[in-house]
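Spelled out from the first residue to the last, the chains are:
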Amino acid sequence: YSRAEVEATTDGLTGLYNHRYLHERLEEELERARRRGEKVSLLFFDCDEFKRYNDAYGHKAGDAALGRIARITEACSRRIDLAARYGGEEFVLVLVDTDGAGALVVAERIRADIEASNSLGGRPLTVSIGVTTCPDDAAAKDELLDKADWAMYAAKRAGRNRVLAFRDGLVSQDTWLSRRGR
């Protein structure tokens, strides 16, 4: 890869893939999974109370926290997976050929490792993670992202620093449909 290609596909702060590249690759991965009859799972997560974190510790610490989340995400994923900074303090991890149960294991490892990183001299940091699986929860890219985002917000409402799958009871179909209709 040329330097220009790397800069066009990666987020400068975290070194993860950027939002635009995520959308391109996610579409490709979903198409490949459809052809092969495989599942793809998606984790959508962000820092809990990041504005408060930034206000308390400063933007430099906030940037370092985003870097810490990126490193932990990479450490918990495989080369074939796709880790991206979605924007702000939001991240997405696409788990290729991974079902919902496998995705929950990875999500919980990321959540626990980020929480544990606080005791290694890091400032208090937690994430809430929403999990969806294609084709179980959605077949289309945008719906998969939306539902994972919705599950993440349900995790925040349920007390933060937790993982919720879209099909969990706390993320009911009624709530999803009513949100879509607003």
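Novice: An account of the side chain of K147 is needed here, citing residue identities and associated values.
Specialist: Inspection of the secondary structure assignment puts K147 in helix α6 (residues 141-157). Judged by its relative accessible area of 5%, K147 is buried. In terms of polar contacts, K147 uses its side chain to reach the backbone carbonyl oxygen of D137, at 2.7 Å. At 2.7 Å, the side chain of K147 forms a polar contact with the side chain of E143.

Novice: Which residues make up α6, and what are the values?
Specialist: One turn of the α-helix equals 3.6 residues, which is why residues spaced by three or four share an orientation. Spanning 17 residues, α6 covers 25 Å between terminal C-alpha atoms, matching the ideal 24 Å at 1.5 Å per step. In terms of burial, α6 is a largely internal element, 12 of the 17 residues being buried. By the burial criterion, the buried members of α6 are K141, L144, L145, K147, A148, D149, W150, A151, M152, A154, A155 and K156.

Novice: Account for the sheet that holds strand β5 (residues 163-165), with residues named and values stated.
Specialist: The sheet built from 5 strands is open, its strands ordered β2-β3-β1-β4-β5 with mixed pairing. Each having just a single partner strand, β2 (82-87) and β5 make up the two edges of the open sheet. Averaged over all adjacent pairs, the angle separating strand axes in this sheet is 20 degrees, with direction ignored. By the bridge criterion, 8 bridges tie strand β1 (residues 40-47) to strand β4 (residues 127-134) in an arrangement that is antiparallel. Along β4, the bridge assignment pairs C47 with V127. The strands that helix α5 (residues 100-116) touches are β1, β3 (90-95), β4 and β5; relative to β4, the one it contacts most, it runs at about 165 degrees.

Novice: Which residues make up the pairing of β2, and what values go with them?
Specialist: Consecutive side chains along a regular strand alternate between the two faces of the sheet. Of all 6 residues in β2, 5 are buried, a share of seventy percent or more. As defined by bridge partners, β2 adjoins β3 across 5 bridges and the pair is classed as antiparallel. Within β3, the position partnered with G87 by the bridge is E90. A loop of 2 residues connects β2 with β3, the two strands running antiparallel in sequence, and G88 in this loop sits at a positive phi of about 50 degrees.

Novice: I'd like to hear about the packing of helix α3 (residues 50-57) against helix α4 (residues 59-75), residue by residue, with values.
Specialist: Axis separation between α3 and α4 bottoms out at 7 Å; the angle between their running directions is 130 degrees. Between α3 and α4, the interaxial angle falls into the category oblique. Along the contact surface, α3 presents F50, Y53, N54 and Y57, while α4 presents H59, A61, G62, A65, L66 and R68. Grouping the constituent residues of the contact of α3 with α4 by class yields 6 nonpolar, 3 polar and 1 charged.

Novice: Describe the confidence of the model for the protein, naming the residues involved and giving the relevant values.
Specialist: Per-residue pLDDT for the protein has a mean of 91; in total, 92% of the residues score no lower than 70. β3 holds the highest mean pLDDT among the elements of the protein, 98, whereas helix α7 (residues 173-180) holds the lowest, 52.

Novice: How would you summarise the packing of helix α2 (residues 19-36) against α6 if you had to cite specific residues and measurements?
Specialist: Look at α2 against α6: their axes get within 10 Å of each other, and the N-to-C directions meet at 110 degrees. Overall, the two elements α2 and α6 adopt an arrangement that is roughly perpendicular. Residues H23, L26, E27 and L30 of α2 lie in contact with α6, whose contacting residues are K141, D142, L144 and L145. For the contact of α2 with α6, a count of residues per class yields 4 nonpolar, 1 polar and 3 charged.

Novice: A description of unusual backbone geometry should follow, citing residues and the corresponding values.
Specialist: C134 connects to P135 through a cis peptide bond whose omega is 5 degrees. Relative to the assigned elements, P135 resides in the loop between β4 and α6. Phi is positive for R160, close to 65 degrees, though the residue is something other than glycine. In this fold, R160 is placed in the loop between α6 and β5. A positive phi angle is found at N161, which is not glycine, with a value near 55 degrees. Mapped onto the fold, N161 is located in the loop between α6 and β5.

How each quantity is defined
- Residues numbered from 1 in each chain as written.
- Predicted model: local features only at pLDDT ≥ 70, side-chain atom pairs only at ≥ 80, totals over all residues.
- Heavy atoms only, no water.
- Helix = DSSP H or I, 4+ residues; strand = E, 2+ residues; numbered from the N terminus.
- Buried < 20%, exposed > 50% of the residue type's maximum accessible area, 1.4 Å probe, protein only.
- Polar contact = N/O pair within 3.5 Å; in protein donor to acceptor, adjacent residues only side chain to side chain.
- Expected span 1.5 Å × (residues − 1).
- Pairing = 2+ DSSP bridges.
- Axes fitted to C-alpha atoms, helices over the stretch in contact; angles between N-to-C directions.
- Contact = heavy atoms within 4.5 Å.
- Parallel < 35°, antiparallel > 145°, perpendicular 65-115°, else oblique.
- Nonpolar A, V, L, I, M, F, W, Y, C, P; charged D, E, K, R; others polar.
- pLDDT = per-residue confidence, 0-100.

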